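An overview of the molecular structure
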Number of protein chains: 2
Amino acid sequence: MELSERKKKILRAIVDSYIRTAEPVGSKSIAAMPDMNFSSATIRNEMAELTSMGYLEQPHTSAGRVPSPAGYRLYVDELMRNYRLSIDETQSLNQALEAKMQDFGDVISQVGKLVSQLTNLPAYAVASPQGKVSVKRFDLIMAESNSFILVILTSTEAVQNKLIRLPLEVSEQDLKLLSAVLNASLTDLTVDEITSEVLSRITRSAGPAASLVPIIIEFTVHVLQEQQHSDVYLTGQVKLLGQPEYQDVSKAKQLLSTLDEEMIAHLPEVISPDSKTQILVGPEHIAQELKDTSVVMTRFDIGDGMQGMIGVVGPTRMDYAQITARLSYFAENLGRLFGKHELPPPSQKEEE
Amino acid sequence: MELSERKKKILRAIVDSYIRTAEPVGSKSIAAMPDMNFSSATIRNEMAELTSMGYLEQPHTSAGRVPSPAGYRLYVDELMRNYRLSIDETQSLNQALEAKMQDFGDVISQVGKLVSQLTNLPAYAVASPQGKVSVKRFDLIMAESNSFILVILTSTEAVQNKLIRLPLEVSEQDLKLLSAVLNASLTDLTVDEITSEVLSRITRSAGPAASLVPIIIEFTVHVLQEQQHSDVYLTGQVKLLGQPEYQDVSKAKQLLSTLDEEMIAHLPEVISPDSKTQILVGPEHIAQELKDTSVVMTRFDIGDGMQGMIGVVGPTRMDYAQITARLSYFAENLGRLFGKHELPPPSQKEEE
DNA sequence: AATGGCACTCTCGATTTGAGAGTGCCATGA
DNA sequence: TCATGGCACTCTCAAATCGAGAGTGCCATT
């Protein structure tokens, strides 16, 4: 059932105020706002109703009201006013972006740091492959007489390599052959498609270097698995300690303990695939410990069969309007940068 | 001037007790210990002297005594009893080590996590190159018609690579030539030795592919700089919140804000090059914010021109004996593992 | 239906109080 | 001369008390 306009107005005012002050808000302070043409008594009545409808909560009799999760949900979905970035903001945002992104280094972590800095909250950045990853190309390079380098180019345009010491004498010719066999039989296969059947076929035709096949396969599978996984970078957790809701150390500790990369990795499971920016309010998502917490996240374009996502974790009470605005702006420009500069995609980060 | 045996005994008892309980310790509780054949009054006198000598401090008149930094220093240098690892401990330590280290992936971060888990404190792991890093070998691999892969093998045995799109048509022959030139002129040079003179020489002899030289050089320099840098991994910061000294959020926040990778990177500067395990007590080191904090660190062998270091950050009040013992044991076995299994050294971690 | 008024509730900070822990020092005794 | 028992004194900490302030719910009035 729809809320009356007046109720909406009041609910919005309450959430706004609570977001600013982190204090329960009372009828009087609402009535005192310009633009509120009702007496505090009227507002009290409305607030009582909003409470019984589940949009507000009362920490105790005779304290002000606090938005409930449902209240927040309604707020972000319908009530929230758009936040317009000021010129200053867009400028400093652009600057930061330009400055950091020129740099080499692990892009995904740079992005994460930037978002955290920008919002003054913990932030994360994720790069995950769209669809299944396969190997596009193998190269075996003789390094020294007793070792060679295995280089794998994946469908996500990532290059991974490994220095392998030879267990036996193998000539450059033998490696060439093996390389050809690999490229013929093992490319374009996803990790699930690498069956024992495929394996034995390769081994049979690999010639003198057949003994290397298991090592190579192991590494290949590892690379594919790793590439298939999302690359998660989380930073700025400490910023939560600045928020009034985490002045209690044990609460803070509990939250910070669950707030790790692994937890973030589960987030994509809950998001709906169509919407761009998404807000998860409190108990809506996975971990119990996050019940006073919200997550704002948005996608960005990253190219090369990869998908990017950035997000911010904060108290349910955070400034959704502002955060959402900044995040979307950031994501947009990030997409532009990736398109324009042909930056190395984060998938090229390697761990071996 | 030397302390009397009795003073040492008392000081040791006080530090031991304070480490266990985090409470100021009074004369009575010391006197009550078995093995203390003096009355509380005697101990009071001794404590008064120890205090005026600077080894103890009093939070306020009529509280117990607390070790001062000087007191800790003396304790770790002379008084501390060796902690013997129990069979159980060595076993679970070995197990954890075996289990984690089999795994591929970024070794340095695995080590860090393990140490943190093992000590229940924030821990870090660092891999830094011994001496100057240079390039050992270049390879240029034609990938597709319009791009190639640049592979660099450094003196730290790290393999780094980058997919480079060709700005113009270049034949495989041209790349071969360029590769030969690079290997002839640019190997074994440290980053400082890559002068503009060297550059122009290379460019002159590079043939049709000369236009690629700047890109390659840029990447090379970047790789060398990155390899020259220590690779730092820090984890488990949140564990500090479990310690009684950080129940005050603002203190905790302050500390956690300074405790980042960058801070850790400065640690090696303060350690003396000869000793293996080292303990930094409170104000002895860099940052003001760390004054109630200690660091225990130790080296480990990592091979391939790299040096490893692991360390633990904790309250000054931490159990030095235990931590030191575990850390050294860990470091030893780590060294053994690196030697034995020929694990990929952490320097092979790559970020591009 | 909106409002002014009022009694009632609950929290929070300030203040008080007493118990407990610990000290410093002195007089005593080996 | 050094260790010890005793004692008065200090300081903290937790619990108890108290009053102000904020906010509510409801009722009578407009």
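Preceding this paragraph is the structure being described.
First things first, this report covers the structure right here in the doc. Since this is a predicted model, take the numbers as computed values, not measurements.

**Some details on the protein's contact with DNA strand C**
Taken together, 20 residues sit near DNA strand C, with Arg6(A), Thr42(A), His60(A), Ser62(A) and Ser27(B) positioned nearest. Sugar and phosphate atoms constitute 73% of the interface atoms of DNA strand C, taking the interface as everything within 4 Å of the protein. A distance of 2.2 Å separates a phosphate oxygen of DNA strand C from a polar side-chain atom of Thr42(A). In the environment of DNA strand C, a phosphate oxygen lies 2.7 Å from a nitrogen or oxygen atom belonging to the side chain of Ser27(B). Counting residues per element, the ones that place at least two in the surface near DNA strand C are helix H3 (40–52) of chain A together with helix H3 (40–52) of chain B. Broken down by element, the surface near DNA strand C gets its largest block of residues, 4 residues, from H3(A).

**Structural notes on the sheet that holds strand S10 (residues 306–315) of chain B**
Residues and elements named next belong to chain B. Judged by pairing direction, the sheet is antiparallel, and its 5 strands sit side by side in the order S7-S3-S10-S9-S8 without closing on themselves. Edge positions in the sheet fall to strand S7 (231–235) and strand S8 (277–281), since each of these pairs with one other strand and no more. Each neighbouring strand pair of the sheet contributes to a mean axis angle of 15 degrees, computed without reference to strand direction. Pairing between S8 and strand S9 (residues 293–301): 5 bridges, direction antiparallel. Counterpart to Thr-277 in the pairing with S9 is Thr-298.

**A few points about the environment of Ala32(A)**
Structurally, the position occupied by Ala32(A) is in the loop between helix H2 (27–31) and H3. Spatially, the C-alpha atoms of Ala32(A) and Leu337(A) are 47 Å apart, while their sequence positions differ by 305 residues.

**Here's the deal with the nonpolar core**
Tyr320(A), Phe330(A), Tyr320(B) and Phe330(B) are the most contacted members of the largest nonpolar core, which totals 158 residues. Those residues in contact with Phe330(B) that sit more than four places away from it in its chain are Leu93(B), Leu97(B), Val111(B), Leu114(B), Val115(B), Leu118(B) and Ile310(B). Core analysis: the next-biggest nonpolar cluster, separate from the first, contains 31 residues, Ile152(A), Leu212(A), Ile217(A) and Val223(A) among them.

**Brief notes about the pairing of strand S5 (residues 147–154) of chain B**
Residue and element names in this part refer to chain B. Most of S5 sits inside the fold, with 8 of its 8 residues counted as buried. Residues Ser-147, Ile-149, Val-151 and Leu-153 point to one face of S5 and Phe-148, Leu-150, Ile-152 and Thr-154 to the other, with burial holding for every one of them. Direction of pairing for S5 relative to strand S6 (residues 159–165): antiparallel, over a ladder of 7 bridges. When the bridges of S6 are listed, Phe-148 appears paired with Ile-164. Adjacent in sequence and paired antiparallel, S5 and S6 are bridged by 4 residues, among which Glu-157 carries a positive phi angle near 70 degrees.

The rules behind the values
- Residues numbered from 1 in each chain as written.
- Chains lettered and ligands numbered in written order.
- Predicted model: local features only at pLDDT ≥ 70, side-chain atom pairs only at ≥ 80, totals over all residues.
- Heavy atoms only, no water.
- Near = heavy atom within 4 Å.
- Polar contact = N/O pair within 3.5 Å; in protein donor to acceptor, adjacent residues only side chain to side chain.
- Helix = DSSP H or I, 4+ residues; strand = E, 2+ residues; numbered from the N terminus.
- Pairing = 2+ DSSP bridges.
- Axes fitted to C-alpha atoms, helices over the stretch in contact; angles between N-to-C directions.
- Core = buried A, V, L, I, M, F, W, Y, C linked by side-chain atoms within 4.5 Å.
- Buried < 20%, exposed > 50% of the residue type's maximum accessible area, 1.4 Å probe, protein only.
- Contact = heavy atoms within 4.5 Å.

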